[in-house]
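Coordinate analysis (summary)
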Amino acid sequence: MRGGLVASARLLPRPLVRWFLQRRAQQDINENMSGGKKVKIIFVLGGPGSGKGTQCSNIVEHFGFIHLSAGELLRAEINSGSENGTMIDTIIKEGKIVPSEITIKLLQEAIIKGGNDKYIIDGFPRNEENRVVFESVTLVTYFQLLQINISPEFVLFFDCSEEEMERRLLGRNQGRSDDNIETIRKRLKVFVESSLPVIEYYESKGMVKKIDATKPAPEVFEDVKAIFTHMA
Ligand SMILES: Nc1ncnc2c1ncn2[C@@H]1O[C@H](COP(=O)(O)OP(=O)(O)OP(=O)(O)O)[C@@H](O)[C@H]1O
Ligand SMILES: O=c1ccn([C@@H]2O[C@H](COP(=O)(O)O)[C@@H](O)[C@H]2O)c(=O)[nH]1
Ligand SMILES: [Mg+2]
């Protein structure tokens, strides 16, 4: 049967075959991950300590999304004793960005395992390369490698002053190896230099919903709630 299909496909023009395979693969991704529904992805971005994790927990509780924190996935990878663990640990302590292929593999696995149709991805994409690679996921499917597009519904941006973020991180007290003043300063610099351009990119496409994150957490959630209530 498969041999017959391959033979028939060879008789068709290549662009047509490619288009057909790409459509089938995209349908398969959507169906495998969500029982036939289109998978919704929302990126939650903001500087270190802006309150992404805090608000994502609220979103999960009220709106039934699965929360994937790229930083948490990387910390779990370190703790699992994986061969990349030491390298990831060093990068996090330096406040730098882990290579895209590592983070994206962890995110893809978590999305497929999640089996849900709504995901909030917290703290990713961290730079332009993360964004471009994630939006063009490469899959081995049917006869060849295919590029499949996964783009977010919108980007939730927690806008917070550096002073406030630094104060919050120094008081977080969760035993994180990067919550020390040297690493915090490096993370703030990397945020401005590498992560803000990603937010600007999505802003230029009209996809950013900006929230004033300097306010107390319950007030921030009121603003978040308004956005998610409208999208439901
Ligand atoms: N609106 C807020 N006002 C005051 N403190 C807050 C607010 N939101 C979160 N916090 C506190 O600030 C600290 C950092 O919050 P959180 O972990 O949610 O930030 P984050 O953006 O996920 O940071 P990171 O990028 O480092 O993971 C936590 O101790 C949290 O309790
Ligand atoms: O996409 C990502 C996300 C995170 N990192 C690294 O992890 C730390 C901590 O991330 P949080 O989102 O603050 O939990 C971050 O400073 C990076 O070093 C990453 O490289 N790529
Ligand atoms: Mg966080």
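Residues numbered from 1 in each chain as written. Chains lettered and ligands numbered in written order. Predicted model: local features only at pLDDT ≥ 70, side-chain atom pairs only at ≥ 80, totals over all residues. Heavy atoms only, no water.

A few points about the site of ligand 1
Around ligand 1 there are 16 residues in total, and Lys-52, Thr-54, Arg-172, Arg-187 and Lys-215 lie nearest to it. For ligand 1, a nitrogen atom lies 3.3 Å from a polar atom in the side chain of Arg-168. The side chain of Arg-176 places a nitrogen or oxygen atom 3.1 Å from an oxygen atom of ligand 1. Summarising the interface, the protein chains cover 78% of the accessible area of ligand 1, which totals 630 Å² for the free molecule. Counting atoms within 2 Å of the grid points, the majority share of ligand 1 lands in the largest pocket. Within the residue set of the shell around ligand 1, elements represented by two or more residues are helix H3 (52-63) and helix H8 (162-170). The biggest single contributor to the shell around ligand 1 is H3, with three residues. Taken together, the residues that form the shell around ligand 1 break down as four nonpolar, six polar and six charged. (Near = heavy atom within 4 Å. Polar contact = N/O pair within 3.5 Å; in protein donor to acceptor, adjacent residues only side chain to side chain. Areas by Shrake-Rupley, 256 points an atom, 1.4 Å probe, with all protein chains shown as cover. 1 Å grid on protein atoms, 1.4 Å probe; cavity = no way out; pocket = protein on both sides within 12 Å on 5 of 7 lines; lining within 4 Å. Sits in = over half its atoms within 2 Å of the grid points. Helix = DSSP H or I, 4+ residues; strand = E, 2+ residues; numbered from the N terminus. Nonpolar A, V, L, I, M, F, W, Y, C, P; charged D, E, K, R; others polar.)

Looking at the UniProt feature "binding site: CMP" (unreviewed entry) in the chain
Look at the UniProt record and you will see "binding site: CMP" (unreviewed entry) annotated at Asn-130. For Asn-130, the location among the structural elements is in helix H7 (residues 128-135). For Asn-130, a relative accessible area of 2% translates into the label buried. Among the polar contacts listed, one links the side chain of Asn-130 to the backbone nitrogen of Arg-126, at a separation of 2.9 Å. (UniProt positions renumbered as here; feature names shortened; annotations may be inferred. Buried < 20%, exposed > 50% of the residue type's maximum accessible area, 1.4 Å probe, protein only.)

With respect to the site of ligand 2
Ligand 2 sits among 15 residues. The nearest are Arg-75, Lys-96, Val-98, Arg-126 and Arg-176. A distance of 2.7 Å is found between an oxygen atom of ligand 2 and a backbone nitrogen or oxygen belonging to Val-98. Protein contacts shield 96% of the accessible area of ligand 2, which totals 450 Å² for the unbound molecule. More than half of the atoms belonging to ligand 2 lie within 2 Å of the grid points that define the largest pocket. For the shell around ligand 2, the element with the most residues is helix H4 (residues 70-79), which contributes four residues. Among the residues forming the shell around ligand 2, the class breakdown is six nonpolar, three polar and six charged.

Description of unusual backbone geometry
Omega for the bond connecting Phe-124 with Pro-125 falls within 30 degrees of zero, at 0°, which places this linkage in the cis form. Within the secondary structure layout, Pro-125 lies in the loop between strand E3 (118-122) and H7. Positive phi is not limited to glycine here, since Asn-173 has a value of about 60°. Here Asn-173 is to be found in the loop between H8 and helix H9 (181-204). Asn-173 gets classed as exposed once you look at its relative accessible area, which sits at 75%.

Observations concerning the packing of aromatic side chains
Per the stated rule, a full pass over the model turns up eight aromatic pairs. For the ring pair Phe-43 and Phe-124, a centre distance of 6.3 Å and an interplane angle of 75° mean the geometry is edge-to-face. Residue Phe-43 is located in strand E1 (residues 40-46), and its partner Phe-124 is located in the loop between E3 and H7; the two are separated by 81 residues in the primary sequence. Summarising the burial analysis for this pair, Phe-43 and Phe-124 share the class buried. Ring geometry for Phe-124 and Phe-134: centres 5.4 Å apart, planes at 70°, overall edge-to-face. A residue pair is termed long-range when its members are at least 10 positions apart, and Phe-124 in the loop between E3 and H7 and Phe-134 in helix H7 qualify at ten residues. (Phe/Tyr/Trp six-rings, centres within 6.5 Å; stacked < 30°, edge-to-face > 60°.)

Concerning H8
Burial in H8 covers these residues: Glu-164, Met-165, Glu-166 and Leu-169. Tucked inside the fold, the buried residues of H8 contact H9. (Contact = heavy atoms within 4.5 Å.)

Some words on the packing of H4 against helix H5 (residues 85-94)
The N-to-C vectors of H4 and H5 enclose an angle of 135°; their axes lie 8 Å apart at closest approach. In this view, H4 runs oblique relative to H5, as classed from their interaxial angle. Crossing of H4 against H5: the hand is left-handed. Counted together, Leu-74, Arg-75, Glu-77 and Ile-78 of H4 and Gly-85, Ile-88, Asp-89 and Ile-92 of H5 form the full contact between these two elements. Partitioned by chemical class, the residues of the contact of H4 with H5 number four nonpolar, one polar and three charged. (Axes fitted to C-alpha atoms, helices over the stretch in contact; angles between N-to-C directions. Parallel < 35°, antiparallel > 145°, perpendicular 65-115°, else oblique. Left-handed = near helix turned anticlockwise from the far one by under 90°.)

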